[in-house]
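What follows is each chain in one-letter form.
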Amino acid sequence: MSELKKKLNNILKSEDEEGTPSDVYLKFARMNIRDFIKNVVLPSYHELKTELEEHGKDVVIDVDEPNLNYASIIVYTPSQTNPNEEIEEFCFRIRGKTYQKMQFAFPQHAEEDQPRVQKAEIVLRTGTLKEYDIEELTKKEIIYRFLGEYEKWIKY
């Protein structure tokens, strides 16, 4: 098998341990928001949840069912005044956003079938951090962004 065929085969047909397409495949595939949330965001949240729970944190993953327009991971901490109560410590949400590219000032020059732009916003309770093309965010990048923001929050 030629080097080109091997490489292309690895890109288009590689799968990770869980049987879902790898980050490489997802990066090159044109995904819609639902696929992005389901195949990239939720697996990264589940990995984060497992690790946070090993450190004694209570974690909830909130998903916009059935639309899958957003998914949140929320970390809770015990209340200092009431040990039976928990308080939200940190919330990290990725929200999908779809819109048309900018139209011309003169509608007669606009293209009829212009493709829709699909973005993912990282949102904290304090507001939107950044907007990404959904092809830019991998599972690894989401975990990295979460940990960076969580560390800032904890150290504040």
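Above this text sits the structure in question.
This one's a predicted model, so the numbers in the text were calculated from it and none came from an experiment.

A. Representation of the overall build of the protein. Within the protein, the regular secondary structure consists of 4 helices and 5 strands. Going from the N terminus to the C terminus, the protein shows its helices and strands as α-α-α-β-β-β-β-β-α. Classification of the 156 residues of the protein by burial places 33% in the buried group. With an accessible surface of roughly 10,800 Å², the protein has 51% of that area assigned to carbon and sulfur atoms.

B. Structural view of the pattern of salt bridges. On inspection of all chains with the given rule, the structure shows 11 salt bridges. Ionic pairing is found between K155 and E151, a salt bridge with its closest N-O pair at 3.0 Å. Here E151 and K155 lie together in helix α4 (residues 139-155), a separation of 4 residues that amounts to about one turn. By sharing partners, the salt bridges in this structure join R95, K97, E121 and E131 into a single network.

C. Spatial organisation of unusual backbone geometry. With omega at -5°, the peptide bond leading from E65 into P66 counts as cis. Relative to the helices and strands, P66 resides in the loop between β1 (58-63) and β2 (70-78). We note that L68 has phi near 55°; this positive angle belongs to a residue other than glycine. Within the secondary structure, L68 is located in the loop between β1 and β2. For L68, a relative accessible area of 8% gives the class buried.

D. Representation of helix α3 (residues 33-54). Its 22 residues give α3 an end-to-end C-alpha distance of 30 Å, which sits within 8% of 32 Å, the value for a rise of 1.5 Å per residue. The largest bend along α3 measures about 35° and falls at V41, with the proline P43 one to four residues further on. Here α3 starts with a cap whose side-chain oxygen sits 3.1 Å from the backbone nitrogen of R34, and that cap is N32. The first or second residue beyond α3 is G56, which carries a positive phi of 80°.

E. Region of interest: the pairing of β1. On β1, burial follows the alternation: V59, I61 and V63 on one face are buried, whereas D58, V60 and D62 on the facing-out side are not. Both β1 and β2 contribute to a ladder of 6 bridges, which runs antiparallel. Along β2, the bridge assignment pairs D62 with S72. The loop that links β1 with its antiparallel partner β2 comprises 6 residues; one of these, L68, has a positive phi angle of about 55°.

Calculation notes
- Residues numbered from 1 in each chain as written.
- Predicted model: local features only at pLDDT ≥ 70, side-chain atom pairs only at ≥ 80, totals over all residues.
- Heavy atoms only, no water.
- Helix = DSSP H or I, 4+ residues; strand = E, 2+ residues; numbered from the N terminus.
- Buried < 20%, exposed > 50% of the residue type's maximum accessible area, 1.4 Å probe, protein only.
- Areas by Shrake-Rupley, 256 points an atom, 1.4 Å probe, with all protein chains shown as cover.
- Salt bridge = Lys/Arg side-chain N within 4 Å of Asp/Glu carboxyl O.
- Expected span 1.5 Å × (residues − 1).
- Bend = angle between axes of the 7 residues up to and from the residue.
- Polar contact = N/O pair within 3.5 Å; in protein donor to acceptor, adjacent residues only side chain to side chain.
- Pairing = 2+ DSSP bridges.

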